[in-house]
Amino acid sequence: MLLTLIGTGCGPKNYLNDNDQLRRENMELARQIEALEVQLNQRLVQIESLREAAAGQPLPEGVDPPVVSGVEIDSYSGPIDTDRDGIDDVVRLYLLPTDQHGRMIPVAGTLTAALLEIPDEGEPRVLVEVSLNPEQLDAAYRDGFTGPYYLCELPVPADCPAEVTVRCVLKPFGAATVRAQEPYRVQITTVE
């Protein structure tokens, strides 16, 4: 009887599945190590660049390093209806910080975007304002089929007029504050 109990407790084990699981885990860890090595190398290059900049090495004649000198609200930006009820819910902004040559340049800094009502007379009224701190701005960076951009969304309030203006203020570290502004028409009632 003792042999029967021992025999049933030590049934066949599927080692193939255990090995496959270990291989998968090993491959995942190898990918993580590779990604961390890439990040480490990028940081080392960044540190070296900062050391050279701090040492005050003069630039060769004709070298014009990129500097943030503007921000554009891309043409894909505008109000959208996210829940398909015929009323715009959000103004989606695709923002492109640019250098002195008009090329998109990644930035570190803060961003404030506001949805404004600008009457013919009187002061503008802020309908919605969104501020992104440096970490949030970094997380807003995207790179898609249209190229790199920063994504910012402004919710459309219930009392929104049909005509609004978006104003963006980008404050990059180590560069001047840059601004952009764009008018939009918002669908505030359902179309029948």
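As shown above, the structure is provided for reference.
Residues numbered from 1 in each chain as written. Predicted model: local features only at pLDDT ≥ 70, side-chain atom pairs only at ≥ 80, totals over all residues. Heavy atoms only, no water.

J.: Honestly, the packing of aromatic side chains in this entry has me stumped. Any pointers?
T.: Any two aromatic rings considered together are summarised by their centre-to-centre distance and by the angle between their planes. Taken as a whole and judged by the stated rule, the model has two aromatic pairs. Centre to centre, the rings of tyrosine 141 and tyrosine 150 are 5.3 Å apart; their planes meet at 70°, and the pair counts as edge-to-face. Judged by its relative accessible area of 30%, tyrosine 141 falls in the partly exposed class. Given the relative accessible area of 4%, tyrosine 150 is considered buried. (Phe/Tyr/Trp six-rings, centres within 6.5 Å; stacked < 30°, edge-to-face > 60°. Buried < 20%, exposed > 50% of the residue type's maximum accessible area, 1.4 Å probe, protein only.)

J.: Explanation requested: the pairing of strand 4 (residues 109-117) in the structure shown.
T.: A regular strand places its side chains so that they alternate between the two faces of the sheet. Where strand 4 meets strand 8 (residues 163-172), eight bridges bridge the pair, whose relative direction is antiparallel. In the strand pairing of strand 8, glycine 109 is matched with proline 172. Pairing of strand 4 with strand 5 (residues 125-132), which is carried by seven bridges, proceeds in the antiparallel orientation. Among the inter-strand pairings, leucine 115 is bridged to a residue of strand 5, identified as valine 128. (Pairing = 2+ DSSP bridges. Helix = DSSP H or I, 4+ residues; strand = E, 2+ residues; numbered from the N terminus.)

J.: Which parts of the structure should I look at to understand the pattern of salt bridges?
T.: Think of it this way: side chains of opposite charge can pair up when their charged atoms draw near. This model, assessed by the stated rule, comprises six salt bridges. Of the charged contacts, one joins arginine 92 and glutamate 153 as a salt bridge, the two residues approaching to 2.5 Å between their closest N and O atoms. With arginine 92 in strand 3 (residues 90-99) and glutamate 153 in strand 7 (residues 147-155), the pair connects residues that are 61 residues apart, well separated along the chain. The class for arginine 92 is partly exposed, based on a relative accessible area of 24%. Under the relative-accessibility criterion, glutamate 153 is labelled partly exposed at 34%. (Salt bridge = Lys/Arg side-chain N within 4 Å of Asp/Glu carboxyl O.)

J.: Would you take a moment to explain the side chain of serine 77 for this structure?
T.: Among the secondary structure elements, serine 77 is positioned in the loop between strand 1 (68-73) and strand 2 (78-80). Note on serine 77: relative accessible area 9%, which makes it buried. Looking at serine 77, its side chain comes within polar contact range of the main-chain oxygen of aspartate 74, at 2.9 Å. Among the polar contacts listed, one links the side chain of serine 77 to the backbone nitrogen of tyrosine 94, at a separation of 2.8 Å. The residues touching serine 77, leaving out its near neighbours within four places in the chain, are Arg92, Leu93, Tyr94 and Tyr184. (Polar contact = N/O pair within 3.5 Å; in protein donor to acceptor, adjacent residues only side chain to side chain. Contact = heavy atoms within 4.5 Å.)

J.: Sorry, what's going on with the nonpolar core here?
T.: Side chains of nonpolar character tend, in soluble globular proteins, to be buried together. Ranked by size, the top nonpolar core spans 29 residues in total, and within it Leu93, Leu95 and Val166 carry the most contacts. Mapped onto this core, the elements with two or more residues apiece are strand 1, strand 3, strand 4, strand 5, strand 7, strand 8 and strand 9 (178-185). The element best represented in this core is strand 8, accounting for four residues. Excluding its chain neighbours within four sequence positions, the residues that come into contact with leucine 95 are Val71, Glu72, Ile73, Leu111, Tyr149, Tyr150, Cys152 and Cys168. (Core = buried A, V, L, I, M, F, W, Y, C linked by side-chain atoms within 4.5 Å.)

In short, shape yes, function no, at least from these values alone.
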